[in-house]
Every structure is written in C-alpha cells, then in structure tokens.
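Overview (structure and organization)
Spelled out from the first residue to the last, the chains are:
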Amino acid sequence: MSIAQNTETAARLRCIFCGAAPDCAGQDFRCTACGDLLEFVFPGWISDSPAFDPAGLKSLWLNRRTSRNPLDQSGVWRFRELLPHIPNPEEHVITLREGNTPLYRLPRCARATGVENLHAKHQGLNPTASFKDTGMTVAASSAHQGGFRWVACASTGNTSASMAAYAARGNMRSLVLIPDGKISWGKLSQSLDYGALTCQLRTDFDGCVRILNELVRQKPVYLLNSVNPYRIEGQKTAAIELMEQLAWEPPDHIIVPGGNLGNSSAIGKALLEMRELKLISRLPKLSIIQAYGANPFYRSVREFGGKKLEPMTADTLATAIRIGNPASWKKALRVLQATGGEVEEVSEVEIAAAKAEIGADGIGCEPASAVTLAGLKKLRRSGFVKSGEAVALILTGHLLKDPDFTIKFHRGDLFAGTGDAAEAVQAKSLQHAPFVLDADLGAVIAAVDAAERNS
Ligand code: F0G
C-alpha cells in the first residue's frame, strides 16, 4: 500500500537530499531513489497573492478561536492554510483540540539566567501532555484518510501515548514498540489505557525503530514516527502559535530539546515558511540542546561540522531523549544553519536542577524539557545569548509524565551512588523532600517554622 498525495492541495512531497518529488510516499516515508527523508513543500505559495495576505491570515487564525467548529478549535487545524490538506476533514480529521498551549513568563528562571525577557511555551499542556499531539492529529488523520486499520510507532513514551489516543479516537488499532524498562510509567500507562497493543522490546529506542522499519515494509501498517512528514507539518504550528502569542514579534532565540530531531526540524521549518510568507520579518535563532549521554547531534555539529552523524549508544535519565541515532538530523542541521542557532549539551545534574527551577516558577515539566533551561544557562555563559535578548523555551512534556524522576530528585536519591553524586551537591538547595511526621499539630507547626527560618 502506498500513501497517496492529495492533488487538490498545494503541498508536494520532496526528498531532502536528492530533490526527487514522488507522487506518493512508501510506507517507510523514505525516498525510493536515495533513501533519505521526505518533506512537504508548497509550490503554490506566493507571498503576494491575496490568499497569503499576512494580515488577513493573522486575523482569520485569531477569529477561529471563537468558532464552534472542531477544526477551528484545534490549535493545529486553525492554521490549516499552512498544512497539507486532508480531504473530507469532517470524516477524517481526528482532533482532541490539541495546541492552543499557553506562553508563560518565567520570572525566577529569568533572574537566575539574567535574561529578563524569558518565556516558556508549554507544549506539555496538550491533550496527552506532550507536544506530540500537534503532529499526531495531522499524521493520524492522514492514516485515517488512507484507510489504514493499523498505525504504529517506536517511542521513548510520548509518541506512543499520543498515537494510542488518536488511533483510539479514529477507530484504528495501534502498535507501540518501546524499550523495555526505559520509559516512564506515566507514559506507558497512557498507551495501555488508550488500548494500544504495547510491546516492550528488550532493546533501546534505536532498536525499536529498526524493527518498526522492517515491519512497515512487510505489513499494511501506517508509520507514525516523526520521519512521517505529516507529523512535522503539525508540529510546525507550535512556532506559528508562539509568534501569534508574541504579537508576531519574533524573540531573538528559541531553544528546544533534541532527541530524534523531528521537533527542532518542524519549528525551524515553520520559522522559515513564516518569513517567506512575510508573517514575520526576521528569524529567531533556533538552538538545540541534548543530554551529554545522548549527544550524537551535538557531536556531529561540533566535531564533524555537520558532515556526518555517528550513531551512539545513548544513556540519560531524561528518557524521552535517550536516542543515539536521530532520524531527522539532516533536517535539524539545515534549520540550525539557516537560523544561525547553536547546539549545546548539558549534564544529568544540570537537567535535574533546571527542572526543579522551572518547577519553582510554578510551571513544571518533564526532564527532557528542562534541557532547554540548562542549555540557556550554558549559552549565556558562552555569550551566545545576551541579557537584553528575548528568549522562548519550548517545554515539550508535562511534569506528571515522569513523577519517579521528580520524587527521587527531591528525596536526594536520583544521583546517590552514581558518578554524578559529587556534582549533585550543587543542586541540593533546589530539593524539597517530603517530611513524614506524626499526626500532631505541634510537629506540623514546627515544620512550618523551620521552613520559614530557612527561606
Ligand atoms: N521532549 C520530549 C518530552 C520528548 O518526548 C521528545 C521525544 C523530545 C523532547 C525530543 O523531540 O525527538 O522531536 O527531537 N520523544 C520521542 C518519543 C522520541 O518517542 O516520544 P524530538
């Protein structure tokens, strides 16, 4: 089975490497000529055509927020002029009203980093609590429109949770391949409740991807990993919505975590397209942050000038980004270079500390999201980000996705007995361990008084 392109839409598929423009994609979403990734391009976009009048589009998108149409209520589909068209949307679009996520100021983090104008766009406030929903609504709708019974993904937990939910809403069966023992219970529990066939494979994420790629070549199963270009299109909308929230005045920097590198590619693609359509007048620098133990892209850029990427065996407590062979690295490299962004790597302790600091601002996120703040601190130290500049962090997942990590950190157990124990001492002041007390008023008052003295 192949996935047909809709001829009514202006969107066309194109290979990012050889430029081949297939009429339809194979089930692995790879170019049949050279094997590289495909992307959507929009040859019909002409920036001075009335259909793409920037002021007209901006007010159309804003007005849709008050509509009762489910498509308009979605923070993805209300930007549908910049997405591939799904025919018969009433029948095929699967939406949980994703997107429409808040943009918050982070006052404490702003003081700690010396960046006064610091915002966080919280993609963890999507329906399944991660940014994956914005891409999933588009790609799952495309699977539905293609008549697929089964959809599948390999995942570190968030893609699987999202896919399982959208498949259930669209009456499709879903197959989840996840690394056994290496995803958080919160994420695993979501795919169980949403009714996915969940297979915990005795391998890592990259091993799950290998099996899945073989599977989709043999069975009529629709691939929902971020090599699927529909996912990337949906994930673009986070950047469009961010610009809308900033009154179309781009920040100087956007900072994202890097795992499989689909999200950075999507946000970068949106920035370039918005500039092309004159929706924004200049490009923010898009910087990508990885964990030390899962840093193949950082090493690719810093050691090899982006000429090659050496896969590695990844390891980090930020399990969402425990990825050693990122599929979309070439797409991410292109947007990194086009926007003049930077790559950084951060330690396990830096990630845990940054997570608690975001939490202390009353926002909270999962460990992989916190690499953004940890990365910002390093980019401030290197002088790449200046104090007067405006910065937006993309928080990708909700705090409650991985409560184990949070509880262990605050109890002081996260790094106990590991090589990071000495460095972890620096993060002690951020820990708020729970107290176990007798059911006694005096004991509680003593705890409050002690906390007051220490604050
Ligand atoms: N943050 C979170 C919370 C994630 O779940 C992921 C990826 C990323 C950041 C990195 O995004 O892969 O587009 O560079 N999670 C995937 C998953 C791989 O299977 O849930 P990326």
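As a starting point, this report considers the structure included with it. In this text the structure is predicted, and so the values were computed from the model without any measurement.

**Observations concerning the sheet that holds strand S9 (residues 197-201)**
Strand order in the open sheet formed by four strands is S9-S8-S7-S10, and the pairing between neighbours is parallel. The strands lining the two open edges of the sheet, one partner per strand, are S9 and strand S10 (221-223). Recorded for the sheet is a direction-independent mean angle of 25° between the axes of neighbouring strands. Pairing between strand S7 (residues 150-154) and S10: three bridges, direction parallel. In the sheet register, Val 151 faces S10, and the bridge partner there is Tyr 222.

**Section: helix H7 (residues 185-193)**
Three or more residues of H7 are buried, namely Lys 187, Leu 188, Gln 190 and Ser 191. Down the axis, H7 shows its buried residues gathered within 155° of arc, on one side only. Away from the buried face of H7 by more than 90 degrees, exposed residues Trp 185 and Asp 193 are located. Of the surrounding elements, those touching the buried residues of H7 are helix H6 (158-169), strand S8 (173-179) and S9. A positive phi of about 85° marks Gly 195, the residue just after H7.

**What about the pattern of salt bridges?**
Evaluation of the coordinates by the stated rule reveals 29 salt bridges. The closest approach of N and O atoms between Asp 28 and Arg 217, which form a salt bridge, is 3.3 Å. You can see Asp 28 sitting in the loop between strand S3 (24-25) and strand S4 (38-41) and its partner Arg 217 sitting in helix H8 (residues 205-218), a full 189 residues away along the chain. Relative accessible area serves as the criterion here: at 16%, Asp 28 is assigned to the buried category. Residue Glu 241 pairs with Lys 121 through a salt bridge whose shortest N-O separation is 2.6 Å.

**Regarding the pairing of strand S13 (residues 343-346)**
Every second residue of S13 is oriented toward a common face, with Val 343 and Glu 345 on one face and Glu 344 and Val 346 on the other, all of them buried. Looking at chain direction, strand S12 (residues 285-291) and S13 are connected through four bridges and run parallel. Its bridge partner being in S13, Ile 289 is matched across the sheet by Glu 344.

**Remarks on the site of the ligand**
As a matter of local geometry, the ligand sits amid 20 residues, with Ser 155, Asn 158, Asn 260, Leu 261 and Thr 396 nearest to it. Residue Asn 260 places a main-chain N or O atom 2.7 Å away from an oxygen atom belonging to the ligand. Between Asn 263 and the ligand, the recorded distance is 2.8 Å, taken from a backbone N or O atom to an oxygen atom. Burial of the ligand by the protein amounts to 99% of the accessible area it has alone, namely 470 Å². Put simply, the parts of the chain that give the shell around the ligand at least two residues each are H6 and helix H11 (262-276).

Calculation criteria
Residues numbered from 1 in each chain as written. Predicted model: local features only at pLDDT ≥ 70, side-chain atom pairs only at ≥ 80, totals over all residues. Heavy atoms only, no water. Pairing = 2+ DSSP bridges. Helix = DSSP H or I, 4+ residues; strand = E, 2+ residues; numbered from the N terminus. Axes fitted to C-alpha atoms, helices over the stretch in contact; angles between N-to-C directions. Buried < 20%, exposed > 50% of the residue type's maximum accessible area, 1.4 Å probe, protein only. Arc of directions from axis to C-beta. Contact = heavy atoms within 4.5 Å. Salt bridge = Lys/Arg side-chain N within 4 Å of Asp/Glu carboxyl O. Near = heavy atom within 4 Å. Polar contact = N/O pair within 3.5 Å; in protein donor to acceptor, adjacent residues only side chain to side chain. Areas by Shrake-Rupley, 256 points an atom, 1.4 Å probe, with all protein chains shown as cover.

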